[in-house]
Amino acid sequence: MFRKQLFYLSILFLPVMLLSGCEGGFDFVYDEPPVVTPVQGQVYVDASSWTEWHYLDLAAVSEKSAEDEDYDASGAFETFSIPMTATGDIETETGHGRPGQYQYWYDVWGEGLSKNEFRQFTPCEAQQEPESWTFAVHRDNVRTNPDVVSGVWESQLTDISAVTSALTASATFTADEWSENEVWSDQSKMLSCLVSSQGIKVSKVLSSWLKMSIPPIPPAFAHNNHVFILAMRDGTFAALQLADYIGPNGTKCCLTINYKYPL
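Residues numbered from 1 in each chain as written. Predicted model: local features only at pLDDT ≥ 70, side-chain atom pairs only at ≥ 80, totals over all residues. Heavy atoms only, no water.

Let's talk about the pattern of salt bridges
Right, on to step 1. Scanning the model with the defined rule gives four salt bridges in all.
Right, on to step 2. Across the salt bridge formed by Glu117 and Arg119, the nearest N and O atoms sit 3.1 Å from each other.
Right, on to step 3. Judged by its relative accessible area of 35%, Arg119 is partly exposed.
Right, on to step 4. Between Glu182 and Lys204 there is a salt bridge; the shortest N-O distance is 3.6 Å. Within this pair, whereas Glu182 is found in the loop between β9 (177–179) and β10 (184–186), its partner Lys204 is found in the loop between β12 (200–202) and β13 (210–213), the two being separated by 22 residues in sequence. (Salt bridge = Lys/Arg side-chain N within 4 Å of Asp/Glu carboxyl O. Buried < 20%, exposed > 50% of the residue type's maximum accessible area, 1.4 Å probe, protein only. Helix = DSSP H or I, 4+ residues; strand = E, 2+ residues; numbered from the N terminus.)

Now the structure itself:
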C-alpha cells in the first residue's frame with residue numbers, strides 16, 4: 001500500500017520534479033542573486049526557457065570585443081519564440097520532416113528518455129531567425145546557421161586559449177541534423193509522460209556539451225567542457241566552450257560560453 005501511495009505521489013509531482021532540473025528550484029535561498037559578469041571572450045545567456053531560441057552573431061561580437069576590452073557580448077543575443085500556433089490539423093503519422101510540434105511519449109518510470117514513441121504532429125510556422133547569426137541556444141540544444149557554418153567538430157582540448165586553426169587539419173565536421181524529439185517546448189502534458197518538441201535542425205555535436213538524463217528525477221545533467229570548433233563557410237574557424245550551465249540563483253540551462261573567433 002505504501003509503495004502504491006508513493007507512486008501516485010511521484011506522478012502528482014512529476015512536472016515539478018522535471019522542471020526543477022532546468023529551472024531554479026532554490027530561488028528562495030537568494031534575496032538578490034549575484035549578477036553574472038562575463039570576462040572578455042565570454043558570454044552569458046539564460047537559456048532555460050522552454051519556448052525561446054537565443055541567437056548570437058559571433059563575428060560581430062568578436063569584432064566589438066577586440067575594439068573594447070570591457071564590451072559585454074551577452075547583450076548581443078537576440079531572442080525569438082518557438083512557433084506554437086497550429087497552421088493545420090493534427091496528424092498521427094510520423095515521418096513529416098516539417099516545422100511544427102512533435103509530441104512523444106517517454107518511458108519516464110522505466111528505461112527513461114532512450115525509450116520514446118511518437119504520438120502526434122501539429123504543423124506550425126518555421127522558426128524565426130535574425131538577419132545575421134552564427135549559433136543559437138535553447139536549454140540543452142544548440143543550432144548553427146547553415147549559411148555561415150558548414151559543420152562542428154569536438155576537440156579533446158579543454159583550454160580554449162590553446163586552440164589554433166592548425167588543430168583542424170584532420171578534423172571531421174558535422175552539419176546540423178533534423179530532430180523532432182530533442183528540442184522540448186511544451187511541458188503541459190508531462191503528467192502523462194508526453195512532451196512536445198520542435199521539429200528543427202540542431203547541431204547534435206555541439207549540443208553534446210550539455211546532456212540531460214532521465215532517470216533520475218529531477219533530471220541529471222552531464223557537462224562536457226571540451227572545446228568545439230566551428231568551420232565557417234568563408235574558410236575561417238571559431239571555437240566555443242561551455243564554461244558553466246548553472247545561473248547565479250541555481251537555475252540550470254543558464255549558459256556561460258567561452259568563444260574565440262577567428263582562430
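Quick look at unusual backbone geometry
Right, on to step 1. Each neighbour pair has its own omega, and for Ile214 with Pro215 the value is -5°, a cis peptide bond.
Right, on to step 2. Looking at the secondary structure, you find Pro215 in the loop between β13 and β14 (220–223).
Right, on to step 3. Residue Tyr261 is joined to Pro262 through a cis peptide bond whose omega torsion reads -10°.
Right, on to step 4. Checked against the element boundaries, Pro262 lands in the segment after β17 (252–260).
Right, on to step 5. The phi dihedral of Arg139 is positive, around 55°, even though this residue is not glycine.
Right, on to step 6. For Arg139, a relative accessible area of 3% gives the class buried.
Right, on to step 7. The backbone of Cys253 shows a phi angle near 70°, a positive value even though the residue is not glycine.
Right, on to step 8. Note on placement: Cys253 falls in strand β17.

Section: the sheet that holds strand β3 (residues 78–81)
Right, on to step 1. In spatial order, the strands read β3-β2-β6-β7; together these four strands make up an open sheet with antiparallel pairing. Every other strand in the sheet has two partners, leaving β3 and β7 (141–144) as the edge strands with one partner each. Here the average twist between neighbouring strands, direction ignored, is 25°.
Right, on to step 2. Note that strand β2 (residues 52–56) and β3 share four bridges and pair antiparallel. Bridged to Tyr55 within β3 is Glu78. (Pairing = 2+ DSSP bridges. Axes fitted to C-alpha atoms, helices over the stretch in contact; angles between N-to-C directions.)

Observations concerning helix α3 (residues 58–67)
Think of an α-helix as 3.6 residues a turn; residues three or four steps apart then line up on the same face.
Right, on to step 1. Turning to α3, its buried residues number three or more, namely Leu58, Val61, Ser62 and Ser65. The buried residues of α3 occupy one face: seen down the axis, they fall within an arc of 100°. Looking at α3, the residues exposed on the side facing more than 90 degrees away from the buried face are Glu63 and Glu67.
Right, on to step 2. Tucked inside the fold, the buried residues of α3 contact β2, β6 (135–138), β15 (228–232), β16 (237–246) and β17. (Arc of directions from axis to C-beta. Contact = heavy atoms within 4.5 Å.)

What to know about a negative patch on the surface
Right, on to step 1. A cluster of acidic residues, Glu63, Glu67, Asp68, Glu69 and Asp70, forms a negative patch at the surface.
Right, on to step 2. If you trace the backbone, Glu69 turns up in the loop between α3 and β3.
Right, on to step 3. When its relative accessible area of 60% is taken as the criterion, Glu69 is described as exposed. (Patch = residues over 30% accessible without salt bridge, like charges linked within 9 Å, V, L, I, M, F, W, Y side chains within 5 Å. Areas by Shrake-Rupley, 256 points an atom, 1.4 Å probe, with all protein chains shown as cover. Lys, Arg positive; Asp, Glu negative; His and termini not counted. Charge placed at Lys NZ, Arg CZ, Asp CG, Glu CD.)

Some words on the side chain of Gln101
Right, on to step 1. Note that Gln101 resides in strand β4 (residues 100–107).
Right, on to step 2. Its relative accessible area of 7% is what places Gln101 among the buried residues.
Right, on to step 3. Reaching out from Gln101, the side chain makes a polar contact with the backbone oxygen of Pro83 at a distance of 3.5 Å. (Polar contact = N/O pair within 3.5 Å; in protein donor to acceptor, adjacent residues only side chain to side chain.)

Points about the sheet that holds strand β5 (residues 112–123)
Right, on to step 1. Pairing is antiparallel across the open sheet formed by four strands, whose spatial order is β5-β4-β11-β10. Of all the strands in the sheet, just β5 and β10 have a single pairing partner and so form its edges. Averaged over all pairs of adjacent strands, the angle between strand axes in this sheet comes to 45°, irrespective of strand direction.
Right, on to step 2. Judged from the five bridges that link them, β4 and strand β11 (residues 194–198) form a sheet pairing that is antiparallel. Looking across to β11, one finds that Gln103 is bridged to Ser196.

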